[in-house]
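Letter by letter, the chains look like this.
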Amino acid sequence: MSTNENACAAVARLNRFKNKGKDTTEMRRRRIEVNVELRKAKKDDQMLKRRNVSILPDDATSPLQENRNNQATAHWSVEEIVKGINSNNLELQLQATQAARKLLSREKQPPIDHIIRAGLIPKFVAFLGRTDCSPIQFESAWALTNIASGTSEQTKAVVDGGAIPAFISLLASPHTHISEQAVWALGNIAGDGSAYRDLVIKYGAIDPLLALLAVPDLSSLASGYLRNITWTLSNLCRNKNPAPPIDAIEQILPTLLRLLHHNDHEVLADTCWAISYLTDGSNDRIEVVVKTGLVPQLVKLLGCGELPIMTPSLRAIGNIVTGTDEQTQIVIESGALGVFPSLLSHHKNNIQKEAAWTLSNITAGRRDQIQRVVEHGLVPYLIGILKKGDFKSQKEAVWAVTNYTSGGTIDQVVFLVQAGVVEPLLNLLSAKDSKTVLVILDAITNIFLAAEKIDETERLCLMIEECGGLDKIEALQSHENEQVYKASSNLIEKYFSAEEEEDQNVLPDSTADSYNFQIQGSTPDTFNF
Amino acid sequence: MAKRIAEKELTDRNWDQEDEAEEVGTFSVASEEVLKNRAIKKAKRRNVGFESDSGGAFKGFKGFVLPSGKGGGFTGFGNGTEIKPLEGLSNGSSGISSTPSFTCVKTASEAQPAFGSVASNGPTTTLVEKKASGTKANGGSQQSSSSDCTQSKTCSSSVYHKQLAALNCSVRDWIVKHVNTNPLCDLTPIFRDYEKYLASIEQHHGSSSDSGSENESNKTIGTQCVPTFGTSKLQQGSTFLFNSNKTEDKSDKKTESTMEKNRESSLGATSNVSFNFGKNVDSSILSSLSSGTKTSFSFSPGNSGVFGKDENQGKTVSMLSSKVLEAQTESGSSDDKGGEEEEEEPPKAVFNEVKEDDAFYSKKCKLFYKKDNEFKEKGVGTLHLKPAGNEKTQLLVRADTNLGNILLNVLVPPKMPCTRTGKNNVLIVCVPNPPIDEKSSTVPVTMLIRVKTSEDADELHKILLEKKEV
């Protein structure tokens with residue numbers, strides 16, 4: 001499809017450019033690396049959820065009267081806390097633990113490292129097991145949750161203290177608020193990365209977690225509780241390199257499907273996030289997800305109009321159509337394309353971009369799939385993005401067009417041209433991003449190939465010329481990127497060449513913003529001497 | 001499979017962060033070093049001057065603008081200083097006066113709307129306007145402009161004068177228009193281009209050792225002005241020239257050229273003007289123009305066809321009237337440094353033809369050979385058929401250069417496959433001599449001979465058939 005050729009000599013030079021000369025696997029690998037770095041950096045900045053609730057849940061039984069003693073456990077110093085915890089008095093220990101929890105829950109700069117250095121983590125972990133004193137279980141769970149919500153190092157400290165199995169045991173606590181706290185803590189730990197996620201799974205967290213949802217109607221659960229469980233489940237689906245174990249995923253998926261039918265928006269959003277993480281992988285991963293039959297519901301949510309839900313569901317669907325043609329077909333048959341007119345014209349640039357990206361992977365599919373795109377009237381929307389969209393969306397639309405021209409039948413390409421793709425497509429040729437330029441040139445090449453088959457090259461040439469595209473293509477020969485130069489030069493030579501080449505040895509005087517006066521070329525068919 | 005995974009990781013954490021907007025930007029141009037080593041190809045234009053979009057194919061054309069490219073960026077030159085040279089030039093050249101012709105201005109301004117949305121603000125559209133105004137001024141009111149041209153009619157080489165008049169009218173109109181819009185404009189670039197165009201006209205229809213253009217490549221610029229005189233006149237002119245395709249041409253032209261010699265041109269161009277029609281590009285322009293009006297216009301206006309459904313329908317009228325423009329010659333690069341090189345001559349593509357005295361048939365042609373399923377060009381030259389004793393015929397193609405290299409020299413074998421293809425081609429199969437490929441020098445190769453017109457091709461085909469039957 002592509003007419004770009006790398007001469008051997010050019011390859012070495014190309015490899016010196018950031019992305020040139022690298023094949024897709026190499027680039028993918030780099031992208032992943034970069035993304036991992038970014039993710040790590042971001043996570044260090046972000047605090048995972050931290051509880052800042054000031055009201056204690058109803059059934060917090062405490063030997064201490066909270067109201068009476070609310071101030072009593074406020075603003076302790078770490079030394080005081082250590083002292084209290086090292087005492088042999090359960091009451092004091094509880095007070096000290098609560099004081100620690102309050103320190104760790106404050107808005108500004110909780111002294112997490114201080115607490116860790118004080119060696120308190122093993123104490124807290126031990127308190128998790130005090131079924132005889134549920135308040136101290138609760139307070140220590142809360143404190144540990146907040147420590148684990150910090151940096152990876154801080155989370156490590158919690159894990160090293162043996163917290164994971166202790167928390168998993170707490171999942172079965174008869175006290176909902178305690179079990180919820182354990183869910184939360186495990187979510188923080190699993191969200192740290194693939195390693196701890198898999199460790200949490202290995203310790204057997206999934207069964208008891210799912211058991212918490214073993215109720216006939218999810219609405220009978222407290223919304224906060226349900227949200228927390230959903231969120232933790234999504235963290236178990238999260239992260240790559242490695243991705244979660246497939247059997248664990250298969251275990252969780254039916255519950256995700258169930259959650260996908262719930263009516264709480266946060267639950268729906270987090271479930272869609274979970275699915276978007278799960279579908280971000282190889283085709284067999286996608287297959288596992290698709291096989292649960294959740295795509296139709298996903299598509300339904302795509303059209304729900306709520307941005308926090310649409311965003312992850314669109315990403316999930318976009319991921320699915322990077323899979324096989326059959327997997328893509330399932331998306332199409334679930335009616336996804338019907339939502340695309342609104343997505344492709346959505347006010348949010350990101351939605352437009354993701355929709356165009358998704359569409360580009362559908363037009364990379366079979367002809368009948370391209371036909372479905374046509375039938376849903378999506379071509380004008382695509383062209384609309386080309387004309388005026390955010391540049392990132394335009395880039396995706398360009399890909400969609402090129403893929404379409406590559407895999408489409410001649411009729412489909414003709415349809416595309418008649419719909420007016422040529423001019424807005426060519427207008428993007430002046431863009432800075434050379435990859436985009438190359439993709440556009442590919443599209444033009446493909447359209448020409450179709451034109452040749454029906455003997456319409458002349459008309460196409462005229463079209464290109466009239467919209468100013470020919471000037472742009474010519475100008476591209478001065479592009480700094482060798483591939484662009486070659487591609488544009490090839491196009492001109494093949495379809496726009498003057499028959500007489502007398503003056504080809506004259507070097508062009510091109511400056512940055514002007515180029516040679518374009519003199520008309522030779523007559524099309526008669527011959528000039 | 002062209003599936004692409006997501007570029008960016010999207011999570012519940014970052015999904016509502018504002019992406020940094022990526023700008024379209026414009027592409028970076030390669031360095032001079034790199035550019036020097038590149039072979040930059042010129043694209044042939046099919047449709048000149050009648051775009052309804054502003055700019056159209058001429059968006060990149062900067063010939064009439066300052067480097068800043070904007071109307072506002074002009075330096076403050078007064079009217080007087082700039083206009084005068086023009087007047088001086090036009091007065092001095094070939095007796096065509098353009099001073100009184102503000103009538104042309106009117107028609108120009110009336111004419112513009114007829115060309116749709118020819119933008120009147122951007123410099124990029126100047127060429128379009130120029131052509132439009134130039135064309136209309138001449139075509140629309142042939143009577144008024146003909147008075148300008150009457151003098152030229154007396155000269156048998158009316159084409160040159162027509163072109164020159166067209167050029168002057170166009171420039172005048174352009175200047176008038178833009179100076180009316182903004183008197184504080186620097187018209188230097190316009191004159192540079194004028195020089196170029198003029199030089200090319202000189203080149204075509206009066207090239208000489210001291211004509212004023214920089215290089216040969218500019219010669220084709222002049223053709224733009226050619227059609228502005230209306231098709232009928234031009235066709236007459238061109239048929240006149242085209243009929244004589246042998247060396248007799250030279251003598252005809254010499255007489256013309258002597259007449260031309262007597263005319264002055266204060267541009268410092270041409271004192272000996274000679275028309276080289278038989279050999280050079282020039283005649284091919286005209287001849288191709290004439291044939292262009294017949295055959296090379298592939299766009300059929302009324303028939304929207306597959307691709308051009310909407311784009312072209314609006315242009316049918318203008319397309320028809322611009323038929324002559326359709327025929328274009330080879331492109332060349334243009335220097336913007338016209339001013340300094342006023343005194344230099346263009347290198348001329350003159351060569352002395354190697355005469356083939358005993359050829360009973362000669363025809364200009366372009367020779368291709370078929371390799372790897374595509375035709376590659378062997379060269380341009382003249383095909384001669386000569387008797388070779390024994391009732392055999394020799395087919396000789398010599399390149400049109402001073403050396404007269406032999407492109408093909410074979411005996412026409414009796415059973416040589418010879419077919420007529422395309423508009424103006426003849427296909428033969430023979431063992432090429434000189435060999436195409438040293439290694440396979442006895443393998444027959446398909447050669448394609450392309451001649452000017454289909455009549456020529458028919459003729460050649462017929463003769464070859466005759467000769468090989470023997």
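What counts, and where the lines are drawn
- Residues numbered from 1 in each chain as written.
- Chains lettered and ligands numbered in written order.
- Predicted model: local features only at pLDDT ≥ 70, side-chain atom pairs only at ≥ 80, totals over all residues.
- Heavy atoms only, no water.
- Helix = DSSP H or I, 4+ residues; strand = E, 2+ residues; numbered from the N terminus.
- Buried < 20%, exposed > 50% of the residue type's maximum accessible area, 1.4 Å probe, protein only.
- Contact = heavy atoms within 4.5 Å.
- Areas by Shrake-Rupley, 256 points an atom, 1.4 Å probe, with all protein chains shown as cover.
- Polar contact = N/O pair within 3.5 Å; in protein donor to acceptor, adjacent residues only side chain to side chain.
- Pairing = 2+ DSSP bridges.
- Axes fitted to C-alpha atoms, helices over the stretch in contact; angles between N-to-C directions.
- Expected span 1.5 Å × (residues − 1).
- Arc of directions from axis to C-beta.
- Core = buried A, V, L, I, M, F, W, Y, C linked by side-chain atoms within 4.5 Å.
- Salt bridge = Lys/Arg side-chain N within 4 Å of Asp/Glu carboxyl O.
- pLDDT = per-residue confidence, 0-100.
- Phe/Tyr/Trp six-rings, centres within 6.5 Å; stacked < 30°, edge-to-face > 60°.
- Lys NZ or Arg CZ within 6 Å of the ring centre and 35° of its normal.
- Parallel < 35°, antiparallel > 145°, perpendicular 65-115°, else oblique.
- Left-handed = near helix turned anticlockwise from the far one by under 90°.
- Nonpolar A, V, L, I, M, F, W, Y, C, P; charged D, E, K, R; others polar.

### As for the overall build of chain A
(1) Moving on: The secondary structure content of chain A amounts to 31 helices and 0 strands.
(2) Moving on: Burial analysis of chain A (529 residues in total) assigns 59% to the buried set.
(3) Moving on: Across chain A, contacts joining residues at least 24 apart in sequence account for 72% of those joining residues at least 6 apart.
(4) Moving on: Here chain A displays about 20,300 Å² of accessible surface, and carbon together with sulfur accounts for 52% of that area.

### Observations concerning the environment of Thr155(A)
(1) Moving on: Mapped onto the elements, Thr155(A) comes out in helix H9 (residues 152-160).
(2) Moving on: The buried category is assigned to Thr155(A), whose relative accessible area is 0%.

### A closer look at the side chain of Thr358(A)
All names here are of chain A.
(1) Moving on: As for its position among the elements, Thr-358 is in helix H22 (residues 349-362).
(2) Moving on: With relative accessibility at 0%, the residue Thr-358 sits in the buried group.
(3) Moving on: At 2.8 Å, the side chain of Thr-358 and the backbone oxygen of Glu-354 are in polar contact.
(4) Moving on: Among all residues touching Thr-358, those that are not within four sequence positions of it are Leu-314, Ile-317, Gly-318, Val-321 and Phe-340.

### A short note on the sheet that holds strand E3 (residues 393-399) of chain B
Residue and element names in this part refer to chain B.
(1) Moving on: Read across the open sheet, the 7 strands follow the order E4-E3-E2-E1-E7-E6-E5; overall the sheet is antiparallel. Single-partner strands in this sheet number two, and they are strand E4 (406-411) and strand E5 (418-421). Between one strand axis and the next, the sheet turns through 30° on average, direction left out of account.
(2) Moving on: Pairing analysis gives 7 bridges linking strand E2 (residues 374-387) to E3, with the strands arranged antiparallel. What sits directly across from Pro-387, in E3, is Thr-393.

### Points about helix H28 (residues 434-453) of chain A
One full turn of an α-helix is made of 3.6 residues, so residues set three or four places apart face in the same direction.
Residues and elements named next belong to chain A.
(1) Moving on: Here H28 contains 20 residues, and its C-alpha end-to-end distance of 29 Å stays within 8% of the 28 Å for a straight helix at 1.5 Å per residue.
(2) Moving on: Within H28, 16 of the 20 residues are buried, leaving the element largely enclosed by the surrounding structure.
(3) Moving on: Positive phi shows up at Asp-455, right after H28, with a value of about 60°.

### So, helix H7 (residues 121-128) of chain A
Residues and elements named next belong to chain A.
(1) Moving on: All of the buried residues along H7 are Ile-121, Phe-124, Val-125, Phe-127 and Leu-128. Taken end-on, H7 shows its buried residues confined to a sector of 155°, consistent with a single buried face.
(2) Moving on: Check the buried side of H7 and you find it contacts helix H4 (78-86), helix H5 (90-105), helix H6 (112-117), helix H8 (134-148), H9 and helix H10 (163-170).

### Points about the nonpolar core
(1) Moving on: Ile81(A), Phe124(A), Phe167(A), Phe340(A) and Ile464(A) are the most contacted members of the largest nonpolar core, which totals 156 residues.
(2) Moving on: Ranked by the residues each element gives to this core, the list is headed by H28(A), at 11 residues.
(3) Moving on: Other than its neighbours up to four places away in sequence, Ile464(A) contacts Val422(A), Leu426(A), Ile444(A), Phe448(A), Gly469(A), Leu470(A), Ile473(A) and Phe496(A).
(4) Moving on: Of all hydrophobic cores here, the second largest spans 26 residues; its members include Cys365(B), Val397(B), Ala399(B) and Val410(B).

### Quick look at the pattern of salt bridges
(1) Moving on: A full pass over the atoms with the stated rule returns 25 salt bridges over all chains.
(2) Moving on: We note a salt bridge from Asp173(B) to Arg172(B), for which the minimum N-O separation is 3.1 Å.
(3) Moving on: One network of salt bridges, with partners in common, ties together Arg227(A), Asp264(A) and Glu266(A).

### Some words on the confidence of the model for chain B
All names here are of chain B.
(1) Moving on: Per-residue pLDDT for chain B averages 59, and the proportion of residues at 70 or more is 44%.
(2) Moving on: In the model, residues 207-305 has pLDDT below 50 throughout and makes 268 contacts with residues more than four positions away in sequence or in other chains.
(3) Moving on: This model gives residues 308-342 a pLDDT under 50, and the stretch forms 114 contacts once residues within four places in sequence are excluded.
(4) Moving on: Quick note on the complex model: pTM equals 0.54, ipTM equals 0.73.

### Details of the packing of aromatic side chains
All names here are of chain A.
(1) Moving on: A full pass over the atoms with the stated rule returns 4 aromatic pairs over all chains.
(2) Moving on: Measuring from centroid to centroid gives 6.2 Å for Trp-273 and Tyr-277, while their planes differ by 25°, and the two rings are stacked. Linking Trp-273 with Tyr-277, this pair stays in helix H16 (residues 265-278), spanning 4 residues, or about one helical turn. For the pair Trp-273 and Tyr-277, a shared accessibility class is recorded, and that class is buried.
(3) Moving on: Here Arg-101 stacks its cationic end above the ring of Trp-142, 4.0 Å away from the centre of that ring.

### Concerning the environment of Lys202(A)
(1) Moving on: Residue placement: Lys202(A) occurs in helix H12 (residues 194-202).
(2) Moving on: When the C-alpha positions of Lys202(A) and Pro245(A) are compared, they lie 9.9 Å apart, and in sequence the two are 43 residues distant.

### Describing the pairing of E2(B)
Residues and elements named next belong to chain B.
(1) Moving on: Direction of pairing for strand E1 (residues 361-371) relative to E2: antiparallel, over a ladder of 11 bridges. Opposite Lys-371, over in E2, you have Glu-374 as the bridge partner.
(2) Moving on: The antiparallel pairing of E1 with E2 creates a hairpin that spans 2 residues between the two strands, and Asp-372 there sits at a positive phi of about 50°.
(3) Moving on: Linking E2 back to E3 in an antiparallel pair, the connection comprises 5 residues, with Gly-389 at a positive phi of about 70°.

### Focus: the packing of helix H18 (residues 295-302) of chain A against helix H19 (residues 307-320) of chain A
All names here are of chain A.
(1) Moving on: Running from N to C, H18 and H19 cross one another at 135°; their axes reach a closest spacing of 8 Å. By the angle between their axes, H18 is oblique relative to H19. Between H18 and H19 lies a crossing whose hand is left-handed. Residues Val-295, Leu-298, Val-299, Leu-301 and Leu-302 of H18 lie in contact with H19, whose contacting residues are Ile-309, Met-310, Ser-313, Leu-314, Ala-316, Ile-317 and Ile-320.
(2) Moving on: Residue composition of the contact of H18 with H19, by class: 11 nonpolar, 1 polar and no charged.

### Topic: the packing of H10(A) against helix H11 (residues 176-190) of chain A
Residues and elements named next belong to chain A.
(1) Moving on: The N-to-C vectors of H10 and H11 enclose an angle of 145°; their axes lie 8 Å apart at closest approach. The way H10 lies across H11 gives a crossing that is left-handed. Taken together, the residues of H11 that come into contact with H10 (itself represented by Ile-164, Phe-167, Ile-168 and Leu-170) are Ile-178, Ser-179, Ala-182, Ala-185, Leu-186 and Ile-189.
(2) Moving on: Split into classes, the residues belonging to the contact of H10 with H11 amount to 9 nonpolar, 1 polar and no charged.

### With respect to the pairing of E1(B)
All names here are of chain B.
(1) Moving on: Counting buried residues in E1 gives 8 out of 11 residues, a clear majority hidden from the surface.
(2) Moving on: Bridging between E1 and strand E7 (residues 445-450) involves 4 bridges; their strand directions are antiparallel. Residue Lys-366 lies in a different strand from E7, and its bridge partner there is Arg-450.

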